[in-house]
Amino acid sequence: MASTRQEIQRLIKELGSKDAYVLSEMKRLGFWDTASDQPSLPEVLIEEEAQLYKEIRALVKESKIQGDDEALLKRIRTERMKASRAKQKENKAKRAAERLAKAEAWKVRKSKELLYLGEKYSAGLSNNKSDISKLLKNNLPTIDNALDLAVVLGTTINELRFLAYTRSVATTTHYKRYVVPKKSGGQRLIAAPMERLKKVQTAILKTILYKISLHPAAHGFIPERSIVSNADPHTKAAVVVNMDLQDFFPTFTYKRVKGLFVKLGFSEQIAITLALICTEPQEDRVEVDGQIFYVETGERRLPQGAPSSPAISNIICKRLDYRIAGAAKKLGFKYTRYADDMTFSSTDQSNANLQKLLWQAKEIIKDEQLVLHPDKLRIMHQGKRQEVTGIVVNDKPNVDRKTVRQFRALLHQIETTGIEGKAWNGVAEKGKLLNTIQGFANYYKMVNPEKGVAYWQRTRAIVKKYQPAPKPKAKKTVAETKKKPWWKFWG
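The shown structure was predicted, so the numbers you read here are calculated from the model rather than taken from an experiment.

Asks: Describe in detail the overall build of the protein chain, supporting the description with residues and values.
Replies: Assigned secondary structure in the protein chain consists of 18 helices and 11 strands. Looking at the protein chain as a whole, 37% of its 491 residues qualify as buried. Expressed as a percentage of contacts within the protein chain between residues at least 6 apart in sequence, the contacts between residues at least 24 apart total 65%. Summed over all atoms, the accessible surface of the protein chain reaches about 31200 Å², with 54% contributed by carbon and sulfur.

Asks: Tell me what's going on with the side chain of R161, and back it up with residues and numbers.
Replies: Structurally, R161 can be placed in helix α7 (residues 157–164). Put simply, R161 is tucked away with no salt bridge, and the nearest opposite charge, on E113, sits 9.3 Å away. Only 2.8 Å separates the side chain of R161 from the side chain of N158, close enough to count as a polar contact. Discounting chain neighbours no more than four positions away, the residues touching R161 are K110, E113, L114 and L117.

Asks: Can you explain the layout of surface pockets? Please cite residues and give values.
Replies: To locate leftover empty space, one rolls a probe as large as a water molecule over the atoms. Taken as a whole, the second largest pocket spans an internal volume of roughly 590 Å³. Lining the second largest pocket we find 19 residues, and of these L260, K263, I315, I316 and K318 sit closest to its centre. Of all elements in the fold, only α5 (132–137), α10 (254–264), α12 (309–316) and α13 (318–330) reach the threshold of two or more residues within the lining of the second largest pocket. Of the residues contributing to the lining of the second largest pocket, the split by class is six nonpolar, four polar and nine charged.

Asks: Describe the packing of aromatic side chains, naming the residues involved and giving the relevant values.
Replies: Following the criterion strictly, the structure yields 14 aromatic pairs and no others. Both rings, one in Y116 and one in Y165, keep their centres 6.0 Å apart while their planes meet at 55°; by these two values the pair is tilted. In this pair, Y116 is assigned in the loop between α4 (69–112) and α5 and Y165 in the loop between α7 and β1 (169–170), connecting sequence segments 49 residues apart. Here the aromatic rings of F221 and Y338 are separated by 5.7 Å at their centres, their planes lie at 40°, and the arrangement is tilted. Of this pair, F221 sits in the loop between α8 (195–207) and α9 (227–231) while Y338 sits in strand β7 (residues 334–338), and the two are 117 residues apart along the sequence.

Asks: Break down the packing of α13 against helix α14 (residues 354–367) for me, citing the residues and quoting the values.
Replies: Where α13 meets α14, the closest approach of the two axes is 10 Å, and the angle between their N-to-C directions is 165°. Taken together, α13 and α14 sit at an angle that is classed as roughly antiparallel. In this structure, the crossing between α13 and α14 has a hand that is right-handed. Of the residues in α14, those in contact with L320, R323, I324, A327 and A328 of α13 are L357, Q360, A361, I364, I365 and D367. Each residue belonging to the contact of α13 with α14 can be placed in one class, and the counts come to eight nonpolar, one polar and two charged.

Asks: Tell me about the confidence of the model for the protein chain, and name the residues and values.
Replies: For the protein chain, the average pLDDT comes to 87, and 88% of its residues sit at 70 or higher. Across the protein chain, element-level confidence peaks in β7 with a mean pLDDT of 98 and bottoms out in helix α18 (residues 478–483) with 53. Within the model, the stretch residues 484–491 combines pLDDT values under 50 with two contacts to residues more than four positions away or in other chains.

Asks: Outline a positive patch on the surface, supporting the account with residue identities and numerical values.
Replies: The grouping of R401, K402, R405, R408 and K451 at the surface amounts to a positive patch. Tallying contributions element by element places helix α15 (residues 401–417) first for the positive patch, with four residues. Taking the relative accessible area as the measure of exposure, K402 reaches 52% and is therefore exposed.

Asks: Just give me the short version of the sheet that holds strand β5 (residues 280–288), but keep the residues and values in it.
Replies: The antiparallel open sheet is built from three strands, whose spatial order is β1-β6-β5. Each edge of the sheet is formed by a strand with only one pairing partner; in this case those strands are β1 and β5. Where β5 lies against strand β6 (residues 291–301), eight bridges are found, and the strand directions are antiparallel. Each bridged residue has a counterpart across the sheet, and for E287 the counterpart in β6 is I292.

Asks: Break down the sheet that holds strand β9 (residues 378–381) for me, citing the residues and quoting the values.
Replies: Across a sheet, paired strands are connected by hydrogen bonds in the backbone, their directions being either parallel or antiparallel. Taken in spatial order, the four strands line up as β7-β8-β4-β9 in an open sheet, and their pairing is antiparallel. Looking along the sheet, the strands with just one partner apiece sit at the ends: β7 and β9. For this sheet, the mean inter-axis angle between neighbouring strands, taken without regard to orientation, is 15°. Bridge count for β7 against strand β8 (residues 341–346) is five bridges, and the pairing is antiparallel.

Asks: Please give an account of the nonpolar core that cites residues and values.
Replies: One finds L209, F261, F266, I312, F344 and I437 to be the most contacted residues of the largest nonpolar core, which totals 100 residues. At eight residues, the largest contribution of residues to this core is made by helix α11 (residues 268–278).

Asks: I'd like a description of the pattern of salt bridges, backed by residues and values.
Replies: Tallying each qualifying case throughout the model produces 15 salt bridges. Residue E268 pairs with K258 through a salt bridge whose shortest N-O separation is 3.0 Å. Note that E268 is positioned in helix α11 and K258 in helix α10, a separation of 10 residues in sequence. For E268, a relative accessible area of 22% corresponds to the partly exposed category. By sharing partners, the salt bridges in this structure join R319, R323, D367 and E368 into a single network.

Asks: Break down α12 for me, citing the residues and quoting the values.
Replies: Extensive coverage of α12 is indicated by the burial of eight of its eight residues. Taken as a whole, α12 has its buried residues at S309, P310, A311, I312, S313, N314, I315 and I316. In this structure, the buried residues of α12 make contact with α8, α10, α11, α13 and β7.

Asks: Residues and numbers for unusual backbone geometry, please.
Replies: Positive phi, close to 60°, is recorded for F221, a residue that is not glycine. Judged by its relative accessible area of 44%, F221 falls in the partly exposed class. Of note, A339 is a non-glycine position whose phi angle comes to about 60°, a positive value. Inspection of the secondary structure assignment puts A339 in the loop between β7 and β8. Among the residues examined, A339 registers a relative accessible area of 10% and is labelled buried.

Cut-offs applied
Residues numbered from 1 in each chain as written. Predicted model: local features only at pLDDT ≥ 70, side-chain atom pairs only at ≥ 80, totals over all residues. Heavy atoms only, no water. Helix = DSSP H or I, 4+ residues; strand = E, 2+ residues; numbered from the N terminus. Buried < 20%, exposed > 50% of the residue type's maximum accessible area, 1.4 Å probe, protein only. Contact = heavy atoms within 4.5 Å. Areas by Shrake-Rupley, 256 points an atom, 1.4 Å probe, with all protein chains shown as cover. Lys, Arg positive; Asp, Glu negative; His and termini not counted. Salt bridge = Lys/Arg side-chain N within 4 Å of Asp/Glu carboxyl O. Polar contact = N/O pair within 3.5 Å; in protein donor to acceptor, adjacent residues only side chain to side chain. 1 Å grid on protein atoms, 1.4 Å probe; cavity = no way out; pocket = protein on both sides within 12 Å on 5 of 7 lines; lining within 4 Å. Points joined across faces, edges and corners; volume = space filled by probe spheres on them. Nonpolar A, V, L, I, M, F, W, Y, C, P; charged D, E, K, R; others polar. Phe/Tyr/Trp six-rings, centres within 6.5 Å; stacked < 30°, edge-to-face > 60°. Axes fitted to C-alpha atoms, helices over the stretch in contact; angles between N-to-C directions. Parallel < 35°, antiparallel > 145°, perpendicular 65-115°, else oblique. Left-handed = near helix turned anticlockwise from the far one by under 90°. pLDDT = per-residue confidence, 0-100. Patch = residues over 30% accessible without salt bridge, like charges linked within 9 Å, V, L, I, M, F, W, Y side chains within 5 Å. Charge placed at Lys NZ, Arg CZ, Asp CG, Glu CD. Pairing = 2+ DSSP bridges. Core = buried A, V, L, I, M, F, W, Y, C linked by side-chain atoms within 4.5 Å.

Here you go:
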């Protein structure tokens, strides 16, 4: 291999001497026998001489540097700076790798868990271990993280985060609030959930809440039970007692709802998420510079209007029902409950145990952190009209005779002179009137099928006659269809 003069000088310097270079080249070119097992004295001497020359040059160089303090200090600083920069580079790469790994881990956790749902409600979200044995005992789905919950409810974890996330001041709300008049006077606040929230609340109702067994005395908003099944046990009673619970749904706060889900076996993370979705905050609507804000003013509670609220209240009241049913039975009374309406009845004319019943019921209600309405205690004896959730129970479940006569007269008037100018329960507008009379006919048929079916058939004929036919949808022209953006055709 041809070598330049500079290359030869470099090799001589590296090997230690000119002889060492010559020896190396002779070996490389095959002019020196390297196969012999016997050491060659000239070769050893050349190599030792070369090594000595290298050491001498290093010592000379070192002595020169040590003789010059500034040069030595400069070298030390240079070496330290070089090592420091290498270490910095290594640490920077290590931190970047750690940040990347942490971001990836956070991304994975965020895809499975809800890690933050607002300032006041995020403590406990790190606990995502459900009690599987309790869930199985309660016949509930074995949900272990928020992703499992989303799958069970038929939604996404991002949708759960959107519906559960809460702020003390927000620009949007998940509820539409309005008031309706109460039969007893005053107004009732209804908080109807928006469509997205209502869909998830309904899924919670079907996949979780409906699976929990309830006391037989509970009849409100339960499949295959109704106001009729609630009233039927109290027919032909000597005395009927009715109590009302005050502010029923608002009594069940976020803490109680969350505690319920934990008791059923769900982890803190799942219980917090479900409780936030199923409760609503007390809030005021404030307008500032044309912008609407919703300001939280009180604790979250069960909303009256959400599909999940009645079932949650029934489950929380399960212990109340067992305690009161037990006390009533010992005193010779039957007991049923339809939401906030509690009814007792007895076939014994004597009032010997009535006062004991009232006192024990009040104490149990108080102990269960509920409030008895002070103005809604009714005691109805035999010989007078006895009602349970609006149904007359003196002989058998029936609708009040006076109301039936008025309804019969209304149907006759509509059939004779038409629907114009007619009204029922203050409703006169044609479309709403048809819905109202149809609703009452369905109610009468449910309470008393024998007599109610005839009124239901007459009402159905009236609705069919006067209900306006739906307007046919106008067909779009080819031009209008072409104007439709292409992405609108998907999904």
